[in-house]
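Each chain is listed here by its residues.
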Amino acid sequence: MAMNLRAVLETLSGAAGVGGLSAAPDAAAAFLEELGCEVERDPLGSVIGYRRSGKENAPLLMLEAHIDEIGLIVTGVDDAGFVRVSACGGTDRRALIAAEVVVHGDKEYPGVFCSVPPHLSGPESEGKIPPIPDLGIDIGLDAKRARRHVKEGDRVSFRPNFCALAGERVCGKSLDDRAGVASVLRCLDLLAGAELECDIAAVFAVQEELGCRGASAASYRIAPSAAIAVDVSFAATPDADRAKCGELAKGPMIGWAPGLDDTMTRRLRSLAEEAGIPCQDEVMGGDTGTDADSIADARGGVRTALLSIPLRYMHTPAEVVDLRDVENTARLMAEFAKKEGEAL
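Report follows, based on the coordinates. The structure displayed is predicted, hence computed values, not measured ones.

Topic: the sheet that holds strand S4 (residues 71-77)
Phase 1 of the analysis: Strand order in this closed barrel of six strands is S4-S5-S8-S7-S6-S9, and the pairing throughout is antiparallel. Between one strand axis and the next, the sheet turns by 45° as a mean value, whatever way the strands run.
Phase 2 of the analysis: The sheet contact formed by strand S6 (residues 100-104) and strand S7 (residues 108-113) spans five bridges and is antiparallel. When the sheet's bridge partners are listed, His 104 is paired in S7 with Glu 108.

Laid out in structure tokens, this is it:
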């Protein structure tokens, strides 16, 4: 039975994965085990699942997506009982006013970011968003009780809110990059029973949002012959520059950049055409801003390609992807593993 991609993505999206939390890596590890992979964790907490080909001295193809998410870290509790925080990753403060969150103290505490009603704010504050350290989170406790249960260094994540939109589109927190994680899992599902000429290491790296640290360490650890990184990239919205965006439901965005392997990139493009998999191009003149950069630099260098899933409203609690793009990203990776494994 084919994997229920929507259900997998809902589980992954609902798990907390702000830097230092383990629920999201735990969920990803459980899915890898269900797919029959040998699973291990590296010292940073990244999850690595091996799918062995059974061939002696087989090359190793790394399929990577980051498992962490943007969020916040507690800096203290003020005298009114409001939890004060700082960004943990590239959190967009525009999305925080009245946002529902979970404070991971000695247990999970639902909370909401404070907002001033428009009736009480003067014209001088209209359109202005305070810096994140000036915002507070209301968890319903006074200062004494809040300080007993919430400590400096505790993490804060957005409240799980996965929902289906019309058609094949879904909305939720941390689809950056749980959509990529789901595509790698679906790729392994598509390869079930297939005879491959390469081993596969599925890597779900931590700390991408904190400087792409996890992918760098995991790449050094496993020393892949080649790698495909899967992340998300910008999908067009009415207010965005269309020249800088992909389109939902038009397939994975194949990355072209100086640090990416040109031969692998062109082969992915041709495989997509041969298999009738829709795809689109994304051209970057320098770094990609993804784990692909850290993977390519690991050890003596790793030949690396990049696939990105179009996503709307990045780094907000309401990211949107199309499941067809997740599926087609998985299909393209599976085609590469089946047809290019021996040549790695």
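On we go from here.
So, unusual backbone geometry
Phase 1 of the analysis: Looking along the chain, the bond that leaves Asp 176 and enters Asp 177 is cis, with omega of 10°.
Phase 2 of the analysis: Residue position: Asp 177 is located in helix H4 (residues 175-190).
Phase 3 of the analysis: Within the chain, Gln 207 stands out as a residue other than glycine whose phi angle is a positive 65°.
Phase 4 of the analysis: Mapped onto the secondary structure, Gln 207 falls in the loop between strand S12 (199-205) and helix H5 (213-222).
Phase 5 of the analysis: Positive phi, normally seen in glycine, also occurs at His 315, with a value near 65°.
Phase 6 of the analysis: Inspection of the secondary structure assignment puts His 315 in the loop between strand S16 (303-311) and strand S17 (319-322).

Here's the deal with the packing of H4 against helix H8 (residues 323-340)
Phase 1 of the analysis: Relative to each other, H4 and H8 sit at 50°, their axes nearing to 8 Å. Classified by the angle their axes make, H4 and H8 are oblique. Considering only the axes of H4 and H8, their crossing is right-handed. Between H4 and H8, the residues in contact are Ala 179, Ala 182, Ser 183, Val 184, Arg 186, Cys 187 and Leu 190 and Val 326, Glu 327, Thr 329, Ala 330, Arg 331, Met 333 and Ala 334, respectively.
Phase 2 of the analysis: Per-class residue counts for the contact of H4 with H8 are nine nonpolar, two polar and three charged.

So, the packing of helix H6 (residues 262-275) against H8
Phase 1 of the analysis: The contact between H6 and H8 brings their axes to 10 Å, and the two run at 105°. Judged by the angle between their axes, H6 and H8 are roughly perpendicular. Within the contact between the two elements, H6 uses Met 264, Arg 267, Leu 268, Leu 271, Ala 272, Glu 274 and Ala 275 and H8 uses Arg 331, Leu 332, Glu 335, Phe 336, Lys 339 and Glu 340.

What counts as what
Residues numbered from 1 in each chain as written. Predicted model: local features only at pLDDT ≥ 70, side-chain atom pairs only at ≥ 80, totals over all residues. Heavy atoms only, no water. Pairing = 2+ DSSP bridges. Helix = DSSP H or I, 4+ residues; strand = E, 2+ residues; numbered from the N terminus. Axes fitted to C-alpha atoms, helices over the stretch in contact; angles between N-to-C directions. Parallel < 35°, antiparallel > 145°, perpendicular 65-115°, else oblique. Left-handed = near helix turned anticlockwise from the far one by under 90°. Contact = heavy atoms within 4.5 Å. Nonpolar A, V, L, I, M, F, W, Y, C, P; charged D, E, K, R; others polar.

By themselves, these observations are geometric and do not establish any function.
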